[in-house]
Amino acid sequence: MVKRLRITSTLVLSIVLVILTNGLAQAAPQRVIIDTDPGVDDAMAILLALNSPELKVEALTVVPGNVEAAQGLENALKLVSLAGRCDVLVAGGAQHR
């Protein structure tokens with residue numbers, strides 16, 4: 001089963017806590033789809049998730065929020081490239097709030 005995550009500041013802290021407390025004890029990574037508006041605040045959480053052994057990020061879906069939809073899509077594409085995870089699907093979602 002793939003879970004959808006909405007990136008928030010609380011999620012950033014949660015991802016860090018999962019990494020620190022679980023280590024590599026989990027047998028299989030949790031499959032997730034991240035639904036986000038990747039401005040500056042979400043970028044760190046996305047990078048942590050993309051590099052976490054506890055998560056298998058299947059896709060990023062991008063919606064407007066802190067940035068317009070087009071800028072968010074560009075940011076998401078740059079983030080997966082920066083993380084060396086060009087295997088992750090990136091798709092534009094709703095274009096308006």
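The shown structure was predicted, so the numbers you read here are calculated from the model rather than taken from an experiment. (Residues numbered from 1 in each chain as written. Predicted model: local features only at pLDDT ≥ 70, side-chain atom pairs only at ≥ 80, totals over all residues. Heavy atoms only, no water.)

**With respect to the overall build of the chain**
Secondary structure summary: the chain contains three helices and four strands in total. Among the 97 residues that make up the chain, the fraction classed as buried is 41%. At a minimum sequence separation of 6, the contacts of the chain that also span at least 24 residues come to 82%. Surface exposure of the chain reaches about 5600 Å², of which carbon and sulfur atoms provide 62%. (Helix = DSSP H or I, 4+ residues; strand = E, 2+ residues; numbered from the N terminus. Buried < 20%, exposed > 50% of the residue type's maximum accessible area, 1.4 Å probe, protein only. Contact = heavy atoms within 4.5 Å. Areas by Shrake-Rupley, 256 points an atom, 1.4 Å probe, with all protein chains shown as cover.)

**Topic: the environment of Val40**
Tracing the chain through its elements places Val40 in helix 2 (residues 40–50). Separated by 26 residues in sequence, Val40 and Asn66 place their C-alpha atoms 8.5 Å apart.

**Observations regarding the pattern of salt bridges**
By the definition in use, this model includes four salt bridges. Glu74 is the partner of Lys78 in a salt bridge, and the nearest nitrogen-oxygen pair spans 2.9 Å. With Lys78 and Glu74 both in helix 3 (residues 69–82) and four residues apart, this pair spans about one turn of that helix. Glu74 sits in the partly exposed class, given a relative accessible area of 38%. Salt-bridge contacts for Asp87 lead to Arg85; the nearest nitrogen and oxygen are separated by 3.0 Å. Relative accessible area serves as the criterion here: at 55%, Asp87 is assigned to the exposed category. Put simply, Arg31, Lys56 and Glu58 are held in one network by salt bridges that share partners. (Salt bridge = Lys/Arg side-chain N within 4 Å of Asp/Glu carboxyl O.)

**Quick look at helix 3**
Given 3.6 residues per turn, any residue in an α-helix points the same way as the ones three and four places further on. Its 14 residues place the ends of helix 3 20 Å apart at the C-alpha level, agreeing with the 20 Å of an ideal helix rising 1.5 Å per residue. All of the buried residues along helix 3 are Ala69, Gly72, Asn75, Ala76, Leu79 and Val80. Within helix 3, the buried residues cover an arc of 130 degrees as seen down the axis, which keeps them to one side. When the buried face of helix 3 is taken as reference, the exposed residues oriented beyond 90 degrees from it are Ala70, Lys78 and Leu82. Looking at the buried side of helix 3, the elements it contacts are helix 2, strand 3 (55–62) and strand 4 (89–92). Looking one or two residues past helix 3, Gly84 carries a phi angle of roughly 70 degrees, positive in sign. (Expected span 1.5 Å × (residues − 1). Arc of directions from axis to C-beta.)

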